[in-house]
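Observations on the three-dimensional arrangement
So you can see what is in the structure, the chains are spelled out below.
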Amino acid sequence: MVAYLCPPAVIHGKHAVRTSQIVDEVRGRHPNAAWAPRIDGIAASTGIETRGWMLPLEAAVAPGSGSTLSAAGIGPAREALAGDGFTEQDVDRVIAALEAIPAPQTVQERTAPAWSAVQSYGERAARGALQIAGLDAADVDCLITSHSTTPALPGLDVTLANRLPLRRDVLLLPATQWACIAGTRSLALAADLVAADPDRVVLVVIAEALSTTYQPADDTLESLIVRLLFADTAVAAVVTGRPRPESTLRLDTAWHHTLPGTQDLHRLETREDGTHFVMDRRGPRAVQETVTAMWEWLRLRYQDDPGSWHPDVLLAHPGGTRVLEYMEQTMPDGWPSGLLSYSRESYTSGNRGGAAVFDIMRRAYDAGQKAGSRAVLYAAAPGLTATALEGEWL
């Protein structure tokens, strides 16, 4: 497998949301939560001070357009109050008070604005990637897209096919359920496609509005952590089967790994008030198993020259600080420190999900990498499933 990757375009959410804003909002809404006395320490432990969202914080915490007392519930409520001896005047006052209490936003109210933003950001990233690669939309033969947090049919692939616009014979490959693994797995798929046809041009676009998982009513510790971690980002890059003047990284091989029986550890759930990201505290340990398996893959790949080879940079999706710490602790002996510096830098402004690896790659590219340096790209996602790639800077 040989594929050539041009530098990615990265579009960050334009609304800067400070951790202090989130802490103030959550503390005011859940003053009696079990974790409330520890909220400052929990927030500080993330290492994130600001993250970019496609929509402002106010959009996530705004009430819905309806009331907690639906039209269908007014009649039964009146009957119950009258049966308890309330006067008609008292019943009217109680019903009016109940109707004045806003209901949470519905799925449509939460998702529709975010989906609109995802399409806009995705288009900007796609155009940016084509410009970086020195190509036009007419040069694209295949489009791979991912946007797990805003499910839609048709999806981002069809949006971009119309907006860019792409040729009518372009192969569209939407992968809306890849989530955090979208960066590495999309590149692995693109590499397979150009290996089959070296003249093929593949455009990869990932746009994630992870802020849609911010659920104000949730009072669990896991929900608090979700609020603090996620950022919104759109990324895109061009992959070709032959080197171009703009090519910056050659991809040589890919590795995939799935842990059985872990499908419930991290997951998205759609409820009447929107999308909820459910975390399990066993998740980091399961992710660590995929990291250990990746080290073994690399060891076997370079078993004939174990002492002289190591990646010069490790572009790893930072699902959390514990994952990065584990990766550093379990690296093979003799590997240099600082391999995860770009991953840590990216994480200081939020977990970008499927867009993370492209953001990390862009940071490494902007910092300058010596030709011939070896790179390993890694990400794990709910499933639990992981994909890694190995390649060389050009």
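Structure: see above.
A brief report on the enclosed structure follows. All values reported here derive from a predicted model rather than from experimental measurement.

Right, let's talk about the overall build of the chain for a bit. Scanning the chain from N- to C-terminus turns up 13 helices and 14 strands. Relative to the globule expectation of 21 Å for 394 residues, the C-alpha radius of gyration of the chain, 24 Å, shows essentially globular dimensions. Structurally, the chain occupies a C-alpha span of about 85 × 50 × 35 Å along its principal axes. Counting all 394 residues of the chain, 54% fall into the buried class. For the chain, the share of sequence-separated contacts (at least 6 apart) that also reach a separation of at least 24 residues comes to 81%. With 34 positive and 46 negative side-chain charges, the chain shows a separation of 3 Å between the mean positions of the two kinds.

Within the structure shown, the criterion is met by 22 salt bridges. A salt bridge links Arg-27 to Asp-40; its shortest N-O distance comes to 3.0 Å. Here Asp-40 lies in helix H2 (residues 39-45) and Arg-27 lies in helix H1 (residues 19-29), a separation of 13 residues in the sequence. The class for Arg-27 is partly exposed, based on a relative accessible area of 33%. Under the relative-accessibility criterion, Asp-40 is labelled partly exposed at 48%. Sharing partners across several salt bridges, the network here consists of Arg-250, Asp-252, Arg-301, Arg-374, Glu-390 and Glu-392.

This part is about unusual backbone geometry. The linkage connecting Leu-153 with the following residue, Pro-154, adopts the cis geometry, with an omega of -5°. Of note, Pro-154 is situated in the loop between strand S5 (142-146) and helix H7 (156-163). Pro-165 follows Leu-164 through a cis peptide bond whose omega is -20°. Position of Pro-165 relative to the elements: it lies in the loop between H7 and strand S6 (171-174). In this structure, Ala-179 is a non-glycine residue whose phi angle is positive, near 55°. With respect to the helices, strands and loops of the structure, Ala-179 is situated in the loop between S6 and helix H8 (182-196). What makes Ala-179 buried here is its relative accessible area of 18%.

Our focus in this paragraph is helix H6 (residues 107-133). Its 27 residues give H6 an end-to-end C-alpha distance of 38 Å, which sits within 8% of 39 Å, the value for a rise of 1.5 Å per residue. Immediately downstream of H6, the backbone of Gly-134 shows phi near 70°, a positive value.

Turning our attention to the packing of H8 against helix H13 (residues 356-367). At a closest axis distance of 6 Å, the pairing of H8 and H13 adopts a crossing angle of 85°. Here H8 is positioned roughly perpendicular relative to H13, judged by the angle of their axes. Residues Gly-183, Thr-184, Ser-186 and Leu-187 of H8 pack against Val-357, Phe-358 and Met-361 of H13. In terms of residue class, the contact of H8 with H13 is built from 4 nonpolar, 3 polar and no charged.

Running from amino to carboxyl end, H6 crosses H7 at an angle of 55°, the nearest separation of the two axes being 10 Å. With respect to H7, the axis of H6 lies oblique. The two elements H6 and H7 meet at a crossing, and its hand is right-handed. Facing H6, whose interface residues are Trp-115, Val-118, Gln-119, Ser-120, Gly-122, Glu-123, Ala-126 and Arg-127, H7 presents Leu-156, Thr-159, Leu-160 and Arg-163. Partitioning the contact of H6 with H7 into residue classes produces 5 nonpolar, 4 polar and 3 charged.

What counts as what
Residues numbered from 1 in each chain as written. Predicted model: local features only at pLDDT ≥ 70, side-chain atom pairs only at ≥ 80, totals over all residues. Heavy atoms only, no water. Helix = DSSP H or I, 4+ residues; strand = E, 2+ residues; numbered from the N terminus. Rg over C-alpha atoms; globule rule 2.2 N^0.38 Å. Buried < 20%, exposed > 50% of the residue type's maximum accessible area, 1.4 Å probe, protein only. Contact = heavy atoms within 4.5 Å. Lys, Arg positive; Asp, Glu negative; His and termini not counted. Charge placed at Lys NZ, Arg CZ, Asp CG, Glu CD. Salt bridge = Lys/Arg side-chain N within 4 Å of Asp/Glu carboxyl O. Expected span 1.5 Å × (residues − 1). Axes fitted to C-alpha atoms, helices over the stretch in contact; angles between N-to-C directions. Parallel < 35°, antiparallel > 145°, perpendicular 65-115°, else oblique. Nonpolar A, V, L, I, M, F, W, Y, C, P; charged D, E, K, R; others polar. Left-handed = near helix turned anticlockwise from the far one by under 90°.

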